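Residue-level listing of the chains:
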Amino acid sequence: MTDTTTTRPDTRAADASVDYETLAARFRPIFDRIAAGASEREQDHRLPSDEIRELAAAGFGAVRVPVAFGGAGATLPQLFRLLTELAAADSNIPQALRGHFALVEDRLVGRSGERDAWLERFGRGEIAGNSWTEVGTVQIGDVITKVTPQDDGTFRITGQKYYSTGSIFADWIDTYAERTDTGERVIAIVDAHQPGVAHSDDWDGFGQRTTGSGTSTFTDAVVQADAVVLFDERFRYQTAFYQAVLLTVLAGSVLAAEREIALQVRNRNRVFSHGNADTFAQDPQILQVVGEVSAAGFAASAIVDRAAEALQAAYEGAALDEAEDERRNDRAELATAQAQVALTSLATTATSHLFDALAASGVSTTKNLDRHWRNARTAGSHNPWVFKARIIGDHAVNGVEPPRVWAIGATRRG
């Protein structure tokens, strides 16, 4: 197995002093503005380009970047708490930034590439997107997107990717590809601002509609030599990290549903003759439903925190011996899988309960309250939890460690 142990710079010691409330206070006014326009953006299918740029300008994309490079030096639990707060404002935006924070994490711990140069870019507010999944009936394990070395020391990349979440907003695109000369699987970090790169906002899911996910096409686009990184040297807890961002989407959807249901119940004037009070806001059965949604939000946030703690342990494990590093990465994968199985059901149930309290008026398309259920159901459909549940069970019964990397594609035949 490839040894990815790395020595981190001394700047990391100062990062422990970051206070979460102080950090979050920088971004909460932006979160409030984002929340105010979230429903209208979804109904009009307006991508949150301005909102993401405002966050980037405020340093949100650099919260994990060490202070010495212009970031906030936040821990992983702090990052995922921020993402949960952001998801409660608009659950599309954390998912749109999922690839960005994964690339930041890789540059923090990876061996290849010019680490400091990338951290400086992120510290300046540059944003990355994600582009890994091949289009069409690609056989599982095959990589159709290719990078080819050039005589001048650069590479050229050609291929097409789907589920390119966040790439339409990005300055850089984190792309999975294969070298034509060596056959090695690599990550190519592609400059998005060049003629050979095109994006289509063609994601047609019923939820998470404004994540900017869709097709990215690379046509002989230029990639610098330092931006081609061996996949085997990627940070080891990457799959768990990607899953944890989806956990914040689920948790944020529940918190948003809690906010909406409380507001709607508080302001409702009409009551039922067979209800229990003169106002909806005093009806004990309605209050029970609101309380159940609120409790689900509390549990969802706690689940995200536990998963983030496991990721932080994996991050710190790279400085330890190989066996302990492996153990911590396995625990992070298991923790995020357990969190996904538990939280998918919790979130979809809680966001559905919103309608139990509001009756038929709650399903108004003008109110657009169904977006919380649709967003949770969509986020819960990525990386199917049914396979994760089986993997968790195999670990519990047989001690089999969960796989940390997997692929999707057509079945090989013949």
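One can find the structure itself at the top, above this paragraph.
Predicted model only: the values in this text are computed from it and were never measured.

**Description of the overall build of the chain**
Looking only at helices and strands, one finds 11 helices and nine strands in the chain. Over its C-alpha trace the chain gives a radius of gyration of 22 Å, about what one expects of a compact globule, namely 22 Å for 414 residues. Considering only C-alpha atoms, the chain reaches an extent of 80 × 50 × 45 Å along its principal axes. Counting over 414 residues, the chain shows a buried share of 54%. Put simply, 76% of the contacts in the chain that link residues at least 6 apart link residues at least 24 apart. When the accessible area of the chain is evaluated, it comes to approximately 17,600 Å², of which 52% is carbon and sulfur surface. Positive and negative side-chain charges in the chain, numbering 41 and 56 respectively, have mean positions lying 3 Å apart.

**Topic: the environment of Ala56**
Inspection of the secondary structure assignment puts Ala56 in helix 2 (residues 49-57). For Ala56, a relative accessible area of 7% translates into the label buried. Filtering out sequence-adjacent residues up to four positions away, Ala56 remains in contact with Gly125 and Ile127.

**Some thoughts on the nonpolar core**
Grouped together as the largest cluster of nonpolar side chains are 93 residues, with contacts concentrated most on Phe60, Phe80 and Phe241. At 10 residues, the largest contribution of residues to this core is made by helix 7 (residues 238-267). Excluding residues within four positions of it along the chain, Phe241 makes contact with Leu76, Leu79, Phe80, Arg98, Phe101, Ala102, Glu105, Phe235 and Leu311.

**What to know about the environment of His193**
Examined against the element boundaries, His193 turns out to sit in the loop between strand 6 (185-191) and strand 7 (197-200). In this structure His193 comes out as exposed when scored by relative accessible area, which is 57%. Between the alpha carbons of His193 and Val223 there is a distance of 12 Å; along the sequence they are 30 residues apart. The contacts of His193, once residues within four sequence positions are left out, are Ala170 and Asp171. A distance of 2.8 Å separates the side chain of His193 from the side chain of Asp171, its partner in a polar contact.

**Some points on the pairing of strand 4 (residues 155-162)**
Where strand 2 (residues 133-134) meets strand 4, two bridges bridge the pair, whose relative direction is antiparallel. Paired with Thr133 across the strands is Tyr162, a residue of strand 4. Alignment of strand 3 (residues 146-149) against strand 4, held across four bridges, turns out to be antiparallel. In the sheet register, Pro149 faces strand 4, and the bridge partner there is Phe155. Here strand 3 folds back onto strand 4 in antiparallel fashion, the turn holding five residues, of which Gly153 has a positive phi close to 95°. Bridging between strand 4 and strand 8 (residues 215-223) involves six bridges; their strand directions are antiparallel. Its bridge partner lying in strand 8, Ile157 is registered against Ala221.

**Observations concerning the pattern of salt bridges**
Counted under the stated rule, the structure contains 30 salt bridges. The partner of Glu324 in a salt bridge is Arg328, with the nearest N and O atoms 2.9 Å apart. Within this pair, Glu324 and its partner Arg328 are both found in helix 9 (residues 322-358), separated by four residues, close to a single helical turn. Look at the salt bridges and you will find they share partners, linking Arg236, Glu322, Asp325, Glu326, Asp330 and Arg404 into a network.

**Concerning unusual backbone geometry**
Within the chain, Gln208 stands out as a residue other than glycine whose phi angle is a positive 50°. Here Gln208 is to be found in the loop between strand 7 and strand 8. On the basis of relative accessible area, Gln208 is assigned to the buried category, the value being 1%.

**Looking at the pairing of strand 3**
Bridge analysis of strand 3 against strand 5 (residues 172-179) gives two bridges, and the strand direction is parallel. Looking across to strand 5, one finds that Lys146 is bridged to Glu178.

**A word on the side chain of Asp174**
Relative to the elements of secondary structure, Asp174 occurs in strand 5. Looking at Asp174, the relative accessible area reads 0%, which means it is buried. With residues near it in sequence (within four places) discarded, Asp174 still touches Gly99, Leu103, Gly129, Asn130, Ser131, Trp132, Ile187, Ala188, Arg234 and Tyr242.

What counts and how
- Residues numbered from 1 in each chain as written.
- Predicted model: local features only at pLDDT ≥ 70, side-chain atom pairs only at ≥ 80, totals over all residues.
- Heavy atoms only, no water.
- Helix = DSSP H or I, 4+ residues; strand = E, 2+ residues; numbered from the N terminus.
- Rg over C-alpha atoms; globule rule 2.2 N^0.38 Å.
- Buried < 20%, exposed > 50% of the residue type's maximum accessible area, 1.4 Å probe, protein only.
- Contact = heavy atoms within 4.5 Å.
- Areas by Shrake-Rupley, 256 points an atom, 1.4 Å probe, with all protein chains shown as cover.
- Lys, Arg positive; Asp, Glu negative; His and termini not counted.
- Charge placed at Lys NZ, Arg CZ, Asp CG, Glu CD.
- Core = buried A, V, L, I, M, F, W, Y, C linked by side-chain atoms within 4.5 Å.
- Polar contact = N/O pair within 3.5 Å; in protein donor to acceptor, adjacent residues only side chain to side chain.
- Pairing = 2+ DSSP bridges.
- Salt bridge = Lys/Arg side-chain N within 4 Å of Asp/Glu carboxyl O.

From the geometry alone we can't say anything about function, so treat these as descriptive.
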